[in-house]
Amino acid sequence: MITSFLIDSLDRRGRIVVGLLVALALLVPAGNLLVPEGSAFHVSTYQLTLFGKYLTYALLALSVDLVWGYCGILSLGHGAFFALGGYAMGMYLMRQIGARGVYADPVLPDFMVFLNWKELPWFWHGFDMAWYALLMVILVPGLLALLFGWLSFRSRVTGVYLSIITQALTYALLLAFFRNDMGFGGNNGLTDFKDIVGFPIQAPGTRAALFAASALMLALGFVVASAVVRSKLGKVLVAIRDAESRTRFIGYRVEHYKLFVWTLSAVMAGVAGALYVPQVGIINPSEFDPAASIEAVIWVAVGGRGTLVGPLIGAVAVNFGKTWFTGALPEVWLYALGALFVVVTLFLPRGIVGLWDRVVSRRTKPAKEMDGSGRQAGEAA
């Protein structure tokens with residue numbers, strides 16, 4: 001019943017997106033593992049990891065669009081939930097190293113031995129088990145979002161004030177995680193991972209499986225987001241976005257709706273962070289940088305706010321451009337990113353998807369008018 005509800009929530013465009021993601025989950029790993037290196041269809045390990053990172057960014061952008069595009073909550077701190085999910089996964093991966101670390105301590109990670117820690121902190125216990133780590137990937141960002149949202153929405157903090165508070169939240173976490181005594185690796189973060197669920201993390205098969213998991217989780221996140229926005233709940237969210245006071249006046253508990261979608265969005269961002277870490281091989285406090293959260297907002301704006309498909313396109317397109325620019329013209333990238341955001345804001349308020357829809361509607365409209373005039377002439381005859 002739930003499966004049929006989720007599938008029915010997809011429109012034609014949504015089915016195409018999910019189909020493409022499932023196809024990517026199958027074809028790209030196959031191109032890496034089965035196609036010979038000399039073939040034009042071979043996907044290198046570098047490309048596999050790079051594309052997998054893009055998919056995790058797309059899931060982060062989708063989570064931002066869910067709250068910004070459909071509920072009007074402009075979050076400038078969603079990178080915090082992304083990083084918390086990443087740290088939960090990183091703690092699990094660090095516990096899997098065991099005695100293979102530089103200091104060969106079977107329990108303490110290398111950075112704790114270096115800092116003369118005598119025992120494992122209480123909040124690290126349980127991260128030697130995969131199911132516990134996956135649970136924390138969901139619970140830690142979700143509970144933080146629930147607490148933060150309950151305090152903010154209950155106090156009716158909205159607009160630019162809420163955006164500034166979300167940015168302050170991620171900056172506070174950035175400063176906290178930089179401290180060595182927090183027990184998360186300080187400035188260096190967590191790295192030098194060896195295994196994940198018993199498989200060597202650098203093995204080609206593991207890399208392919210991580211890419212496939214990223215594509216499938218993005219597809220699942222897209223289906224869930226589509227089900228939310230196309231339901232009665234989604235209609236209320238749009239009403240809150242467009243006229244929060246009126247929605248509250250007719251009897252809806254606005255804070256409850258906002259809290260639900262805010263928490264769901266944070267969980268999606270946490271899952272994206274958990275998939276990001278084993279593919280890039282490191283997690284450090286720089287992921288809490290407010291600039292990273294602002295970049296996610298730019299991805300959504302470029303692709304098309306309030307479209308679900310747009311954030312996926314924006315995240316992949318902007319990060320592909322970032323990869324190319326930082327390699328070819330590294331000193332130009334920041335200027336290019338700023339110019340891109342200005343151009344989109346001024347000339348493409350609906351982003352790439354909005355531009356595409358406008359072009360398609362202009363092409364189909366004359367055809368419909370001609371068809372209608374033809375019918376009228378036939379009826380008159």
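Thresholds, definitions, all that
Residues numbered from 1 in each chain as written. Predicted model: local features only at pLDDT ≥ 70, side-chain atom pairs only at ≥ 80, totals over all residues. Heavy atoms only, no water. Helix = DSSP H or I, 4+ residues; strand = E, 2+ residues; numbered from the N terminus. UniProt positions renumbered as here; feature names shortened; annotations may be inferred. Buried < 20%, exposed > 50% of the residue type's maximum accessible area, 1.4 Å probe, protein only. Salt bridge = Lys/Arg side-chain N within 4 Å of Asp/Glu carboxyl O. Patch = residues over 30% accessible without salt bridge, like charges linked within 9 Å, V, L, I, M, F, W, Y side chains within 5 Å. Areas by Shrake-Rupley, 256 points an atom, 1.4 Å probe, with all protein chains shown as cover. Core = buried A, V, L, I, M, F, W, Y, C linked by side-chain atoms within 4.5 Å. Contact = heavy atoms within 4.5 Å. Lys, Arg positive; Asp, Glu negative; His and termini not counted. Axes fitted to C-alpha atoms, helices over the stretch in contact; angles between N-to-C directions. Parallel < 35°, antiparallel > 145°, perpendicular 65-115°, else oblique.

(A) A look at the environment of M136. Take M136: it is sitting in helix α6 (residues 130–154). Measuring from C-alpha to C-alpha, the distance between M136 and L216 comes to 20 Å, with 80 residues separating the pair along the chain.

(B) Structural detail: the UniProt feature "transmembrane region" (unreviewed entry) in the protein chain. What UniProt calls "transmembrane region" (unreviewed entry) maps, in this numbering, to residues 16–35, 55–85, 129–153, 160–178, 208–229, 259–277, 297–320 and 332–356. Annotated as residues 55–85, this span is 81% helix and 0% strand, and its ends, taken at the C-alpha atoms, are 15 Å apart. With 100% helix and 0% strand, the stretch residues 208–229 has end C-alpha atoms that lie 32 Å from each other.

(C) Structural view of unusual backbone geometry. Unlike most non-glycine residues, N116 shows phi in positive territory, near 65°. Considering the arrangement of structural elements, one finds N116 in the loop between α5 (110–114) and α6. What makes N116 exposed here is its relative accessible area of 56%. One non-glycine residue, R156, lies in the positive phi region at around 60°. Positionally, R156 belongs in the loop between α6 and α7 (159–178).

(D) Inspection of the pattern of salt bridges at higher detail. Overall, the coordinates contain 11 salt bridges when judged by the stated rule. Residues D181 and R179 are paired through a salt bridge, measuring 2.8 Å at the closest nitrogen-oxygen approach. Residues R241 and D242 are paired through a salt bridge, measuring 2.9 Å at the closest nitrogen-oxygen approach. Since its relative accessible area comes to 32%, R241 is described here as partly exposed. By relative accessible area, which is 54% here, D242 ends up exposed. Several salt bridges converge on common partners, so that one network encompasses E244, R248, R253, E255 and K258.

(E) Expanded view of a nonpolar patch on the surface. Taken together, the side chains of M129, W131, L135, L139, L143 and L146 present a nonpolar region at the surface, about 550 Å² in accessible area. Mapped onto the elements, L143 comes out in helix α6.

(F) Representation of the nonpolar core in the model. By size, the foremost hydrophobic cluster in this structure holds 106 residues, and its most contacted members are L62, L190, F222 and F288. Excluding residues that lie within four positions of it along the chain, L62 makes contacts with L218, G221, F222, A225, M268, L308, P311 and L312.

(G) View of the side chain of E287. Turning to its location among the elements, E287 is positioned in the loop between β4 (282–283) and α12 (290–303). It is K53 that comes nearest to the buried, bridge-free E287 among opposite-charge side chains, at 8.5 Å. Not counting chain neighbours up to four residues away, the residues in contact with E287 comprise G79, F82, A83, Y276 and A292.

(H) Inspection of the packing of helix α8 (residues 204–229) against helix α11 (residues 254–280) at higher detail. Closest axis-to-axis distance for the α8/α11 pair is 10 Å, and the angle between their directions is 170°. When the axes of α8 and α11 are compared, the pair comes out roughly antiparallel. Side by side, α8 and α11 meet where R207, L210, F211, A213, S214, M217, G221, V224 and V228 of the first sit next to L264, M268, V271, L275, P278 and Q279 of the second.

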